[in-house]
Amino acid sequence: MPASDLRFVLVRESSSRFLPAIQTLYEAAFPVEERRRFEQLINLLQEPLMHLQAVVQQNVLAGFLIYWELDNNLFLEHLAVKPQLRGQGVGQHILQWLLQLAYDKQVLLEVEKPTTNLAQKRIQFYQRAGFTLHAHFNYQQPPYERNGQPVPLLLMSKQAINTTELSQMAALIREKVYEAFYS
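Conventions used here
- Along each chain, residue indices are assigned from 1 in the same order as the chain's sequence is written.
- Local features are withheld for residues below a pLDDT of 70 in this predicted model, meaning they are given only at 70 or higher, and side-chain atom pairs are given and counted only at 80 or more; totals for whole chains, interfaces and linings count all residues.
- The side-chain numbers reported here are obtained from all heavy atoms of the structure, hydrogens and water having been left aside.
- Helix and strand assignments come from DSSP, with helices taken as H or I runs of at least 4 residues and strands as E runs of at least 2, each series counted from the N terminus.
- Residue burial is assigned from relative accessible area. The probe radius is 1.4 Å, only protein chains are included, and a residue is buried under 20% of its type maximum, exposed over 50%, and partly exposed in between.
- Whether two residues are in contact is decided by their heavy atoms: any pair within 4.5 Å suffices.
- Any Lys or Arg side-chain nitrogen located within 4 Å of an Asp or Glu carboxyl oxygen qualifies as a salt bridge.
- Throughout this description, the term nonpolar core refers to a set of buried Ala, Val, Leu, Ile, Met, Phe, Trp, Tyr and Cys residues connected via side-chain atoms within 4.5 Å.

1. Some points on the environment of Ile161
- For Ile161, the position within the fold is in the loop between strand E7 (151-157) and helix H5 (163-178).
- What makes Ile161 buried here is its relative accessible area of 15%.
- Along the chain, Ile161 and Thr132 lie 29 residues apart, while their C-alpha atoms are 9.2 Å from each other.
- The residues touching Ile161, leaving out its near neighbours within four places in the chain, are Gln106, His134, Leu166 and Met169.

2. Digging into unusual backbone geometry
- Positive phi is not limited to glycine here, since Gln58 has a value of about 55°.
- Within the fold, Gln58 resides in the loop between strand E2 (50-57) and strand E3 (60-70).
- Overall, the relative accessible area of 61% leaves Gln58 in the exposed class.
- Phi at Tyr103 is positive, roughly 55°, even though this residue is not glycine.
- You can see Tyr103 is positioned in the loop between helix H3 (90-102) and strand E5 (106-111).

3. A look at the pattern of salt bridges
- Counted under the stated rule, the structure contains six salt bridges.
- The partner of Glu77 in a salt bridge is Arg36, and the shortest N-O contact between them spans 3.3 Å. With a gap of 41 residues between them, Glu77 in strand E4 (residues 73-81) and Arg36 in the loop between helix H1 (19-29) and helix H2 (38-43) connect regions that are remote in the sequence.
- Judged by relative accessible area, which is 6%, Glu77 ranks as buried.
- Residue class for Arg36 comes out buried when judged on its relative accessible area of 4%.
- Residues Arg122 and Glu112 are paired through a salt bridge, measuring 3.4 Å at the closest nitrogen-oxygen approach. In this pair, Arg122 is assigned in helix H4 (residues 117-128) and Glu112 in the loop between E5 and H4, connecting sequence segments 10 residues apart.
- One network of salt bridges, with partners in common, ties together Arg37, Glu39 and Glu145.

4. Overview of the nonpolar core
- With 39 residues, the main nonpolar core has Ile22, Leu52 and Phe64 as its most contacted residues.
- Secondary structure elements with two or more residues in this core: H1, H2, E2, E3, E4, strand E6 (132-141), E7 and H5.
- When sequence neighbours within four positions are dropped, the list of residues in contact with Leu52 reads Val9, Leu10, Val11, Leu19, Ile22, Leu45, Phe64, Leu65 and Ile66.
- One finds Val55, Val81, Val90 and Ala102 within the second-largest nonpolar core, a separate group that totals 27 residues.

In structure tokens, the structure reads:
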């Protein structure tokens with residue numbers, strides 16, 4: 001089945017039939033410190049800046065992405081593809097869809113440092129789509145919980161960006177994606 005047969009379904013309701021499969025993939029694809037508790041994510045479905053897109057192929061979940069519209073920027077918080085579909089162009093198709101949606105907006109995302117084979121593959125996946133790794137920029141993913149610990153990650157951007165702009169974007173992400181939802 002070609003990746004072009006994918007369709008994108010915006011999930012705004014906790015009754016979405018895709019949420020159980022999204023939860024399973026979300027919790028398997030991301031370490032606990034790099035994701036929200038799923039009930040927190042459910043509570044954000046109506047948040048106008050956050051978008052959870054189910055990526056569907058033949059009415060079955062193939063993957064998902066979570067992104068935030070922040071001023072004239074787009075922050076890709078999570079992107080995951082079901083393991084049996086990886087390596088078939090599904091992830092690239094999802095990313096191309098997002099980049100078309102973003103049009104001329106800056107797109108940023110977080111990645112793990114390239115200390116493992118899997119982390120290196122993820123970075124290369126985004127680099128093939130034209131993203132730049134900002135290894136020189138000291139970035140800490142803010143914790144998802146008020147008293148949690150930050151996670152040392154790296155930022156990648158689609159368009160050229162300098163250190164001052166990276167700092168401004170990191171502050172905006174911290175404020176709008178993380179700290180705004182501390183309870």
